[in-house]
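# Coordinate inspection notes
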Amino acid sequence: MRKNILIVICFLHLVVFSTLLNAQVRKLKFDRIGTEQGLSNMYALGVLQDSYGYMWIPTTNGLNRFDGYSCKVYKHSDKDTNSLGNNHIYKVYEDSKQRLWINYRFEGIALYDRTTDNFNKYVFADTLSDGRVVKNTYRDIFEDFEHNLWCLSSFCIVKYDEKLRVQKTYYKSTEHFSFDNDYGYNCDQSSDGTLVFGFRYTDKIYVYNKVCDCLNRLDIAPFDGSCPSEKILSLNFNKDGKLWVGTATRGVVVIDLKNHKSSMLFSEASWKQLGCR
């Protein structure tokens with residue numbers, strides 16, 4: 001009996017050891033998706049896997065849907081009113097209803113219709129202070145918890161209530177909101193509903209204030225003007241509600257909005273070398 005138990009224990013140890021050994025020597029495998037698989041352009045601006053398993057790849061020359069074997073390419077056609085408005089695709093975003101929104105250069109955004117395999121265009125008309133009406137290039141698109149669609153551009157931020165079909169535009173210069181010579185680049189929302197917007201060239205982060213329906217600048221260093229201007233490349237909330245901000249030269253800044261504090265993922269000496277107080 002003891003001999004049998006000893007054999008079983010030795011066998012289990014052997015299995016565990018072999019598993020660990022295989023895990024250590026196993027190498028990650030990467031498959032390349034390129035023009036050989038039908039990719040329309042090698043300048044890919046992002047990747048999204050939708051709820052149906054498809055990989056959507058926006059490029060500077062068309063939108064690609066990859067099914068694991070080959071790409072189906074979607075492009076603008078003057079002869080097809082339900083085609084994309086432009087071939088320069090910035091982003092594909094899937095909302096809470098598993099619908100795909102596409103934003104592209106100069107021509108607003110589009111909603112993909114899975115049934116007909118085509119696109120419905122949404123063009124938000126924006127009037128500038130001098131009376132000019134422009135078609136915006138939207139860099140980011142985001143759905144908040146109340147299912148409003150937020151579109152960030154170089155001229156403004158648009159909040160779109162699809163149910164009521166009502167558009168509200170937050171322009172470049174208002175009492176609480178100014179981002180001259182910049183454009184909205186990123187948007188995210190924390191689990192408690194805090195909605196933030198990052199701007200690429202003027203290192204500004206704005207927080208949406210639902211009470212006044214306005215945007216207020218975040219005054220936490222290094223995004224309060226105490227440091228030289230920095231490019232904000234990305235921002236995301238983690239599960240603890242802290243805001244992680246990716247920058248061009250300062251690495252990652254972690255902001256605790258509740259305690260009004262921030263920290264950087266490198267030494268304080270490096271922070272001071274950049275001219276931050």
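The structure reproduced in this document is the subject of the present report. (Residues numbered from 1 in each chain as written. Predicted model: local features only at pLDDT ≥ 70, side-chain atom pairs only at ≥ 80, totals over all residues. Heavy atoms only, no water.)

Inspection of every chain in the model, using the stated rule, returns ten salt bridges. For Lys91, the salt bridge identified is with Asp140, shortest N-O distance 2.4 Å. Residue Lys91 is found in strand S5 (residues 89-94), and its partner Asp140 is found in strand S11 (residues 138-143); the two are separated by 49 residues along the sequence. Using a relative accessible area of 25% as the deciding quantity, one classes Lys91 as partly exposed. The closest approach of N and O atoms between Lys168 and Asp213, which form a salt bridge, is 2.6 Å. Taken as a pair, Lys168 in strand S14 (residues 166-171) and Asp213 in the loop between strand S17 (205-209) and strand S18 (214-217) lie far apart in primary sequence, 45 residues in all. Taken together, the shared-partner salt bridges connect Asp50, Glu94 and Arg114 into one network. (Salt bridge = Lys/Arg side-chain N within 4 Å of Asp/Glu carboxyl O. Helix = DSSP H or I, 4+ residues; strand = E, 2+ residues; numbered from the N terminus. Buried < 20%, exposed > 50% of the residue type's maximum accessible area, 1.4 Å probe, protein only.)

A few words on the sheet that holds strand S8 (residues 118-122). Read across the open sheet, the four strands follow the order S5-S6-S7-S8; overall the sheet is antiparallel. For this open sheet the edge positions go to S5 and S8, each flanked by a neighbour on one side alone. Strand-to-strand twist of the sheet, defined as the mean angle between neighbouring strand axes without regard to direction, takes the value 25°. Pairing analysis gives three bridges linking strand S6 (residues 100-104) to strand S7 (residues 109-113), with the strands arranged antiparallel. Of the residues in S7, the one forming a bridge with Ile102 is Ala110. (Pairing = 2+ DSSP bridges. Axes fitted to C-alpha atoms, helices over the stretch in contact; angles between N-to-C directions.)

What follows concerns the state of the cysteines. Put plainly, two cysteines are in a disulfide when a covalent bond ties their sulfur atoms together. Under the definition given, this model contains one disulfide. Free of any disulfide, Cys187 has its nearest cysteine sulfur in Cys151, 9.9 Å distant. Classification of Cys187 as buried rests on a relative accessible area of 7%. (Disulfide = S-S within 2.5 Å.)

Of the pairings in the sheet, the one linking strand S21 (residues 252-256) to strand S22 (residues 261-264) comprises four bridges and is antiparallel in character. Bridging from a neighbouring strand, Asp256 pairs with Lys261 of S22.

Under the defined criterion, the tally for this structure stands at eight aromatic pairs. For the ring pair Trp56 and Tyr112, a centre distance of 5.2 Å and an interplane angle of 65° mean the geometry is edge-to-face. Of the two residues, Trp56 is situated in strand S2 (residues 55-59) and Tyr112 in strand S7; the sequence distance between them amounts to 56 residues. Trp56 gets classed as buried once you look at its relative accessible area, which sits at 1%. Here Tyr93 and Phe142 contribute two aromatic rings whose centre-to-centre distance is 6.2 Å and whose plane-to-plane angle is 45°, an arrangement assigned as tilted. In this pair, Tyr93 sits in strand S5 while Phe142 sits in strand S11, placing the two residues 49 residues apart along the sequence. In terms of burial, Tyr93 and Phe142 fall into one category: buried. Each residue in the set Trp56, Tyr74, Tyr112 and Phe119 is aromatic and connected to the rest through ring pairs, giving one cluster. Directly above the ring of Tyr54 sits Arg65, whose terminal nitrogen or CZ lies 4.5 Å from the centroid. (Phe/Tyr/Trp six-rings, centres within 6.5 Å; stacked < 30°, edge-to-face > 60°. Lys NZ or Arg CZ within 6 Å of the ring centre and 35° of its normal.)

Our focus in this paragraph is the sheet that holds S22. The four strands lie next to each other as S19-S20-S21-S22, forming an open sheet whose pairing is antiparallel. In this open sheet, the two strands that pair with only one neighbour each are strand S19 (232-237) and S22. Within this sheet the neighbouring strands show an average axis-to-axis angle of 20°, counted without direction.

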